[in-house]
Amino acid sequence: MSAVVLSASGMIALCVAFIAAHLLARTSFLPDLPNERSSHARPTPRSGGIAITLGFLAAVAVAIAGDALPSISHEGGAELSLTLMIFAAFASVAAAVGFIDDRFELAPLVKLLSQIVLAIAFVGTFGGLTGVPAPVIGSLSLPGWLGSIISTFWIVAFINGYNFMDGANGIASSAAIVVSAALAAAAAATGSPVVVLCALATSFALIGFLRLNFPEGRLFMGDSGSHAVGFILASLPLIATRDSGLTPLFVPIAMAPFLADVAFTLVRRGLARKPLLQAHRDHIYQLMLKSGATHTRVTAWYAAGTAFCTGVALAVATTPASVQWSAVFAIYGGALLVFVSVIRSTDETRLERQPRRRLKGVPTSAE
């Protein structure tokens, strides 16, 4: 019966998120007004994160009430339920920070400090990395203080990176659906029940939201959604690594299209002496949109890339460290080549030099 409740919790997440998203899309609550950096042309609610969070919390409540966790673990139900409630509380705080930013536009430093405090509190509660796979020596043990610093940095960096990539209809949610579902599968195989439930709930909640976000863009997840989902995807692997030995490289490999885009863009802006913290439209996916690609096409490319990288992450999850790092170098190297190609093909100067194609029946500006 508990296994049935665990499955039902995923469907509850989907239904609650879907209903809440439909209701929110009909309102003008938290409108996202178009500006020079926007990819949309009309005011659109950015309250979708509320729907995602409600779906996630509903799944957690059903799993706890139905005593689902002991069915996938040998640990006591009370201990697992407490762990699950604490994690859900952290995810709710992450969503709340994003919601406050959506509503009041927090100063960047205030938002960053809030994220750091959240990450420190999580690491202090659940623990940080104790070791990482190393290319030659196989495994490198980390002192407690260093593991905590790396874990805190990872959570904060991933939340912001995921938020940066939430700029095209469906791009952030579709990638997170794939990765969270794979993370649930990997955690089930290695024995981390809290990660299984939370990753499953996240995936189904995002599916419920996705229909309102893609392809029409009737509802955006906003910072409340990107903060909550970013926090979940960054922190759950830390729990899985501690509980079941899942490789810390799982999400960095699976989310390579996103993380490579963020890193590559920051390096480009740094070399061009542009402010790194200033809002911009220099990400690879934004350049693709500016060059005329549709949201559907851009999202499809990133979703396909994420699905491929997620498959690689699953394949190398239990392999030696050298194999894992070979996958990292190959994927990020491939991403670099793709990004350079995109930049060359979308370079504004080159596009301006190219002769305009004349459409049948439509005169050119020179005529």
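Before reading on, note that the structure itself is shown above.
Residues numbered from 1 in each chain as written. Predicted model: local features only at pLDDT ≥ 70, side-chain atom pairs only at ≥ 80, totals over all residues. Heavy atoms only, no water.

(A) Looking closely at helix α8 (residues 222-244). Its 23 residues give α8 an end-to-end C-alpha distance of 33 Å, which sits within 8% of 33 Å, the value for a rise of 1.5 Å per residue. The buried fraction of α8 is high, at 21 of 23 residues. One or two positions beyond α8, positive phi appears at G245, with a value near 80°. (Helix = DSSP H or I, 4+ residues; strand = E, 2+ residues; numbered from the N terminus. Expected span 1.5 Å × (residues − 1). Buried < 20%, exposed > 50% of the residue type's maximum accessible area, 1.4 Å probe, protein only.)

(B) Seen up close, the packing of helix α10 (residues 256-271) against helix α12 (residues 295-316). Two elements in contact, α10 and α12, have axes whose closest approach is 8 Å; the angle formed by their N-to-C orientations is 115°. In terms of orientation, α10 and α12 fall into the roughly perpendicular class. Contacts from A256, P257, F258 and D261 of α10 reach α12 at Y302, G305, T306 and C309. Split into classes, the residues belonging to the contact of α10 with α12 amount to 5 nonpolar, 2 polar and 1 charged. (Axes fitted to C-alpha atoms, helices over the stretch in contact; angles between N-to-C directions. Parallel < 35°, antiparallel > 145°, perpendicular 65-115°, else oblique. Contact = heavy atoms within 4.5 Å. Nonpolar A, V, L, I, M, F, W, Y, C, P; charged D, E, K, R; others polar.)

(C) Local environment of empty space enclosed by the protein. Under the criterion given, the structure shown has 1 cavity of 30 Å³ or more. By volume, the largest cavity is sized at about 40 Å³. Around the largest cavity, the lining residues are I52, T53, F56, T202, A228, V229 and I232. Listing elements by their share of the lining of the largest cavity, those giving two or more residues are α2 (48-65) and α8. Of the residues in the lining of the largest cavity, the class split is 5 nonpolar, 2 polar and no charged. (1 Å grid on protein atoms, 1.4 Å probe; cavity = no way out; pocket = protein on both sides within 12 Å on 5 of 7 lines; lining within 4 Å. Points joined across faces, edges and corners; volume = space filled by probe spheres on them.)

Geometric values such as these leave the question of function open.
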